[in-house]
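Structural characterization, general
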Amino acid sequence: MKKTLALSILLVFVSAATIRPGSKASAASPQAVTQEGKGCSAPRKWGQLKGVADRSVAFEDSSGTIRILDLGPCMRGQTELIVKISRP
């Protein structure tokens, strides 16, 4: 009886751990929900979006300055400018 009760409690504990969002076990399950990054923002003064690459986004303002934003830090909520090219 004690072994059955202990096993039942253990199974309930393991089941709860495997369906808890963010747990290592739930990430491997097909029902796991992917979490989106926090996101970041690019100031309007950076101009229009001009292109998207593997891990970066490029903007060009009205004076011809090109700015490239790294998407890696953006997923953590940080805006990180990796390149700024001025075209006089």
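The structure reproduced in this document is the subject of the present report.

Rules and cut-offs
Residues numbered from 1 in each chain as written. Predicted model: local features only at pLDDT ≥ 70, side-chain atom pairs only at ≥ 80, totals over all residues. Heavy atoms only, no water. Helix = DSSP H or I, 4+ residues; strand = E, 2+ residues; numbered from the N terminus. Buried < 20%, exposed > 50% of the residue type's maximum accessible area, 1.4 Å probe, protein only. Contact = heavy atoms within 4.5 Å. Areas by Shrake-Rupley, 256 points an atom, 1.4 Å probe, with all protein chains shown as cover. Pairing = 2+ DSSP bridges. Axes fitted to C-alpha atoms, helices over the stretch in contact; angles between N-to-C directions. Salt bridge = Lys/Arg side-chain N within 4 Å of Asp/Glu carboxyl O.

To continue, consider the overall build of the protein. Summing up its helical and strand segments, the protein has 3 helices and 4 strands in all. Listed N to C, the secondary structure of the protein is α-α-β-β-β-α-β in terms of helices and strands. Buried positions account for 18% of the 88 residues belonging to the protein. Expressed as a percentage of contacts within the protein between residues at least 6 apart in sequence, the contacts between residues at least 24 apart total 21%. Counting only carbon and sulfur atoms, one obtains 60% of the accessible surface of the protein, whose full area is about 7,200 Å².

Moving on: the sheet that holds strand β3 (residues 66-70). Judged by pairing direction, the sheet is antiparallel, and its 4 strands sit side by side in the order β1-β2-β3-β4 without closing on themselves. A single partner strand is all that each edge strand has here, and the edge strands are β1 (48-52) and β4 (81-85). With direction set aside, neighbouring strand axes in the sheet form an average angle of 20 degrees. Note: strand β2 (residues 56-60) against β3, 5 bridges, orientation antiparallel. Each residue of the ladder has a partner; that of E60, found in β3, is I66.

Turning our eyes to something else, we now look at the pattern of salt bridges. In the structure shown here, the tally under the stated rule is 3 salt bridges. D70 is the salt-bridge partner of R55, the closest N and O atoms lying 3.3 Å from each other. Of the two residues, R55 sits in the loop between β1 and β2 while D70 sits in strand β3, which places them 15 residues apart along the sequence. On the accessibility criterion, D70 (12% relative accessible area) is buried. Linking R87 and E60 is a salt bridge whose minimum nitrogen-to-oxygen distance equals 3.0 Å. One end of the pair, R87, is in the segment after β4; the other, E60, is in strand β2, with 27 residues separating them in the sequence. Relative accessible area serves as the criterion here: at 45%, R87 is assigned to the partly exposed category. Assessed through its relative accessible area of 21%, E60 is described here as partly exposed.

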